[in-house]
Amino acid sequence: MKYILALDQGTTSSRAMLLGQDGQVHGLAQTPFKQIFPKPGWVEHDPVEIWSSQFGVANEALAKVGAKADSIAAIGITNQRETTILWDRKTGDPIYNAIVWQDRRTSAFCDQLREQGHAPMIQEKTGLVIDAYFSGSKVRWLLDNVPGARARAEKGELAFGTVDSWLVWKLTNGARHVTDVTNASRTMLFNLHTLQWDDDLVKLLDVPKSLLPEVVSSSEVCGTTSGVLAGIPIAGIAGDQQAALFGQMCMQPGMVKCTYGTGSFMLLNTGEKPVMSKNKLLTTVAWRIKGKTFYALEGSVFIAGAVVQWLRDELQIIRTAAEIEELAASVPDTAGVYFVPAFSGLGAPHWDQYARATITGLTRGANRAHIARAALEGIAFQVADIIEAMETDSGVPLKELRVDGGAARNNLLMQIQADALGVPVTRPANPETTVLGATYLAGLAVGYWPDQETIAKQWQADKRFTPQMDDKTRKDRHAGWLRALDRSRNWETA
């Protein structure tokens, strides 16, 4: 039996899955890796550990079903986006830790770009707002702060890549230095209209062009593996959120998905023309396949599932992440408590990198159950704010939200989300939508599936959550949320 091997390199773990033509998982392996916090607001990973953990789980997944390299039709890669790595082209060794997408160390530089009036040009070319979230300012920081890095880069000795580029480089033993259009569109260096690295942006951020990878489609053979797993075509690459959009079968303009992971990420398919946001959303490439490029509007919530981890690890009011559902359901409401989980600032549509997390409305009667429920509401309200902005930008009212990710398994959160939106929330039968997206993109490139219509038939709903809250209560709760949100803003500079 032939499989597609999907490599899912996430923010907190590396996973590998073997999927068959039915879209079902036949082998799975996963391992967490270390999170590094050198200073407040700084987040790093060890690139060597990213690679070793990803390679390890790939071999483990194959071993579980007794498969070897010749059993794999293709590899599909999906990855945490914006995380930035620089490495030596000769040795393949990283010159510094990976700077993670959550990292805020370049906030002051981003402020400077805005003050200099570059925001309109950057949005027009890239579809992005200026923020430390994206890779471009991270590359510049590495060049300016790692001894000798800029001189080496200008000599052509170094390579830059997001995690997909790093994995392809390692899988091909340095033969291929590529990234796909979805990951390139998250760098603040890539022109959405020309689908090429932009000379003006490269100059503005002072990033030598020799660092940059070749940009390929999301679904095409872009390399062949070497080493233990030699001879497998690498045929699909997409950033995790775009992969999830594809895996959710949101192939028609107007369809929206939300992935609840460490953060929450909403993408709205806008078709073959980029729609520039007037409400601080991002315009991004959804995927490029068979010569056609599809675009999306995106809103990012920096902290979603991570707030549950914080309640578990730091506040220690739950022992496992799964316990939050029962605890939050033990009270009928939050007793007026609001939790704004802005630990890493606020993403769309607010874009306040100086906001910080707050819990407001506490009284003597408030307890850990109210805080737990407020944390879930905080996730849902952030999503609702983005959906409202998407409806305004696109002119299309939301009819359904398709959901996935670890926190989407929380039935109470999904019901709270449906209540906050006032529209149904649908969870798919196969929750591995990010992996499915990478798998489908790879499989289509090598003829494992004949066309998109064939794979679209595999999507099925698991559960549909319908709104149970009346409009007045919904509006009142949201008004309270906006008041709480205002308390958290600009905290770092206060």
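Just so you know, these numbers come straight off a predicted model, no measurement behind them.

Peer 1: I keep staring at the overall build of the protein and nothing clicks. Help me out?
Peer 2: On a plain count of helices and strands, the protein comes out with 16 helices and 23 strands. Taking 494 residues into account, the globule formula puts the C-alpha radius of gyration at 23 Å, and the protein, at 22 Å, falls close to it. Over its C-alpha atoms, taken along the principal directions, the protein stretches across nearly 60 × 55 × 45 Å. Of the contacts made within the protein by residues no fewer than 6 positions apart, 73% connect residues no fewer than 24 positions apart. A total of about 18700 Å² of accessible surface is found on the protein, and carbon and sulfur atoms cover 49% of it.

Peer 1: What exactly am I supposed to notice about the pairing of strand S5 (residues 72–79) here?
Peer 2: Across a regular strand the side chains alternate sides, sitting on one face of the sheet and then on the other. Summarising burial for S5: 8 of the 8 residues are buried, a large majority. In this sheet, S5 lies alongside strand S1 (residues 3–9) in parallel orientation, the contact comprising 7 bridges. When the bridges of S5 are listed, isoleucine 4 appears paired with alanine 74. Sheet analysis places S5 next to strand S14 (residues 233–239), joined by 5 bridges and oriented parallel. Paired with threonine 78 across the bridge in S14 is alanine 238.

Peer 1: Mind showing me how you'd approach the nonpolar core here?
Peer 2: Here is a general trend for soluble globular proteins: nonpolar side chains tend to be buried in one another's company. Among the nonpolar cores identified, the biggest contains 100 residues, and Leu211, Tyr260, Ile387 and Leu401 are the most heavily contacted of them. In contact with leucine 211, other than residues within four places in its own chain, are Leu86, Arg89, Val139, Leu143, Ala153, Leu158, Ala159, Phe160 and His177. The next biggest cluster of nonpolar side chains, apart from the first, holds 35 residues, and it includes Leu18, Ala29, Trp87 and Ile232.

Peer 1: Is there a simple way to explain the layout of surface pockets in this structure?
Peer 2: Estimates place the volume of the largest pocket at around 1200 Å³. As for the largest pocket, its lining consists of 42 residues, and the residues nearest its centre are Tyr260, Gly261, Gly405, Gly406 and Ala407. The set of elements that each furnish at least two residues to the lining of the largest pocket consists of strand S2 (13–19), helix H9 (240–247), strand S15 (256–260), helix H10 (305–313), helix H11 (323–329) and helix H14 (433–445). Broken down by class, the residue content of the lining of the largest pocket amounts to 14 nonpolar, 18 polar and 10 charged. In this structure, the second largest pocket encloses a volume near 780 Å³. Those elements that place two or more of their residues in the lining of the second largest pocket are helix H2 (107–115) and H10. Here the element with the most residues in the lining of the second largest pocket is H10; it accounts for 4 residues.

Thresholds, definitions, all that
- Residues numbered from 1 in each chain as written.
- Predicted model: local features only at pLDDT ≥ 70, side-chain atom pairs only at ≥ 80, totals over all residues.
- Heavy atoms only, no water.
- Helix = DSSP H or I, 4+ residues; strand = E, 2+ residues; numbered from the N terminus.
- Rg over C-alpha atoms; globule rule 2.2 N^0.38 Å.
- Contact = heavy atoms within 4.5 Å.
- Areas by Shrake-Rupley, 256 points an atom, 1.4 Å probe, with all protein chains shown as cover.
- Buried < 20%, exposed > 50% of the residue type's maximum accessible area, 1.4 Å probe, protein only.
- Pairing = 2+ DSSP bridges.
- Core = buried A, V, L, I, M, F, W, Y, C linked by side-chain atoms within 4.5 Å.
- 1 Å grid on protein atoms, 1.4 Å probe; cavity = no way out; pocket = protein on both sides within 12 Å on 5 of 7 lines; lining within 4 Å.
- Points joined across faces, edges and corners; volume = space filled by probe spheres on them.
- Nonpolar A, V, L, I, M, F, W, Y, C, P; charged D, E, K, R; others polar.

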